[in-house]
Amino acid sequence: TRTMSHTFWAGTADREARMSSTMADPGRIEDEGYWLDLAQGLGINRPHVEVESAFSSPADDTDVAVAQKRIVAEGYCQLAPGKVVPLNDPHHLVENLRRGIESLKSEGWPASFIFLYDEAWVLAGRMANLMRRVSGNEISFDALAWHVDQDRGEGGFSPHRDRQPDDATSTFRADGMAKYTTAWVALTDANPDNSCLYVIPKAHDPGYEAGDDEEGEEDPMSLALPTKESYQHIRALPTATGGALLFTHRIIHWGSRGRKSTEEEARAGTSAPPRCSISIGFSDPSYERPYLVGQPKLGVEGTNKLPDFRSRLALVCAQMISYFERFPVDSVMLRAFYRVFCASKDLYDDRYAESTRKEFARAVQEREGENE
């Protein structure tokens, strides 16, 4: 079963950003002090980090019930700000994460390195608490972050499904809930001007539950959008800062390209900021096991246990290898990621480790082909 594949259509998958700058120093990738200095104000395994109560999601039982119905019926649901992180959060979690991503990007690092910091895992705990109540799924550690700068011509991922199993029907429970779901949180406003997510709802997608014929002449996008009128089914999902989207592994979705600022907007300082966001996957272990082994169960009230620095770094490096096509880096940085990956073999699920090794080999092969 191809559980970890992401299938993209309509040409080559768009890259979130250009090749990461050589300003980043791969030689210091394992230096915890370096990361603390880079994103001042964020923590790494602070012994006194106050997360015992932070894991409780503000969403009430009505919110959860509505989310469940929408996900089963349409493949996704949208949550207003205040349902994952309180509106008057005294710790300013969302704002601090945005600032952290901006610091990382300014030094040439992929936005997903935000997962080295406590604050990202506090948010992950909140997301886990909510997703457990909504879907019954547990964190899979498929964690990513984005910084999409429309003024640099960047866009989100092109149209895709998150998973492409051999038997799509079997990846849903009897009540219709998917065995794999994703929580996506906006750290800035996300709208058509600076990139937001778009989806094709379940009812208008023939392959959503039945599966896709990968040998067929038409790709899933073409089958879902066979006429001019069918394009009216596409839904834009602008999301305010702190708002969230929950969706299944089978919904076709993508991140748009934003509108470049005009000269007048740039001079006046009224340009839309780059879109920053975080996503984490959640799965039924019978369908997809967590990428990391021996980790604490996140999102459980009354605990403050978070992954340690070594586990965080191992995960981010493996993720950047697995997603090398979407988050391109130079060969020096790619090999630094692989060095950390090889030194962390005891932390990974066997299936995820094998998948990551294959992606690294493919990345090296592609780079060699480009240099010929």
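Reading the values: rules and limits
Residues numbered from 1 in each chain as written. Predicted model: local features only at pLDDT ≥ 70, side-chain atom pairs only at ≥ 80, totals over all residues. Heavy atoms only, no water. Helix = DSSP H or I, 4+ residues; strand = E, 2+ residues; numbered from the N terminus. Buried < 20%, exposed > 50% of the residue type's maximum accessible area, 1.4 Å probe, protein only. Contact = heavy atoms within 4.5 Å. Areas by Shrake-Rupley, 256 points an atom, 1.4 Å probe, with all protein chains shown as cover. Salt bridge = Lys/Arg side-chain N within 4 Å of Asp/Glu carboxyl O. Phe/Tyr/Trp six-rings, centres within 6.5 Å; stacked < 30°, edge-to-face > 60°. Pairing = 2+ DSSP bridges. Axes fitted to C-alpha atoms, helices over the stretch in contact; angles between N-to-C directions. Left-handed = near helix turned anticlockwise from the far one by under 90°. Nonpolar A, V, L, I, M, F, W, Y, C, P; charged D, E, K, R; others polar.

(A) How the structure looks around the overall build of the chain. What the chain contains, in helices and strands, is 10 helices and 10 strands. Residues counted as buried form 56% of the 372 residues belonging to the chain. Considering only intrachain contacts with a sequence separation of at least 6, the fraction spanning at least 24 residues in the chain is 87%. For the chain, the exposed surface amounts to about 15800 Å²; the carbon and sulfur share of it is 48%.

(B) Broad picture of unusual backbone geometry. Even without being glycine, N45 reaches a positive phi, approximately 50 degrees. The backbone of H92 sits at a positive phi, close to 50 degrees, despite the residue not being glycine.

(C) How the structure looks around the pattern of salt bridges. Applying the stated criterion to the full structure yields 31 salt bridges. Ionic pairing is found between R235 and E74, a salt bridge with its closest N-O pair at 2.4 Å. Here R235, found in strand β7 (residues 235–237), pairs with E74, found in helix α2 (residues 61–74); they are 161 residues apart in sequence, far enough to count as distant. A salt bridge links R362 to E359; the nearest nitrogen and oxygen atoms lie 2.8 Å apart. Note that R362 and E359 are positioned in helix α10 (residues 350–371) at a spacing of 3 residues, about one turn of the helix. In this structure R362 comes out as partly exposed when scored by relative accessible area, which is 29%.

(D) Quick look at the side chain of S344. Assignment of secondary structure puts S344 in the loop between α9 (331–342) and α10. The exposure class of S344 is buried, given its relative accessible area of 3%.

(E) Structural view of the packing of aromatic side chains. Counted according to the given criterion, the structure contains 19 aromatic pairs. Where W146 meets F327, the ring centres are 6.1 Å apart and the plane angle is 55 degrees; that geometry is what we call tilted. Note that W146 is positioned in strand β3 (residues 138–148) and F327 in the loop between α8 (309–322) and α9, a separation of 181 residues in sequence. In terms of burial, W146 and F327 fall into one category: buried.

(F) Geometry of the sheet that holds strand β5 (residues 180–186). In space, the 5 strands of this open sheet follow the order β2-β8-β5-β10-β3, with antiparallel pairing throughout. Strands with a single pairing partner mark the edges of an open sheet, and in this sheet they are β2 (76–79) and β3. Adjacent strand axes in the sheet meet at a mean angle of 15 degrees when their direction is disregarded. Alignment of β3 against strand β10 (residues 275–283), held across 8 bridges, turns out to be antiparallel. Bridge pairing links L144 to S279 in β10. The strands touched by helix α3 (residues 93–106) are β3, β5 and β10; relative to β3, the strand with the most contacts, the crossing angle is about 65 degrees.

(G) Main features of the packing of α2 against helix α4 (residues 118–135). Look at α2 against α4: their axes get within 9 Å of each other, and the N-to-C directions meet at 60 degrees. Here α2 and α4 pass one another in a crossing that is right-handed. Every residue of α4 that contacts α2 at D61, V64, A67, Q68 and I71 is listed here: L130, R133 and V134. Its residues assigned to classes, the contact of α2 with α4 comprises 5 nonpolar, 1 polar and 2 charged.

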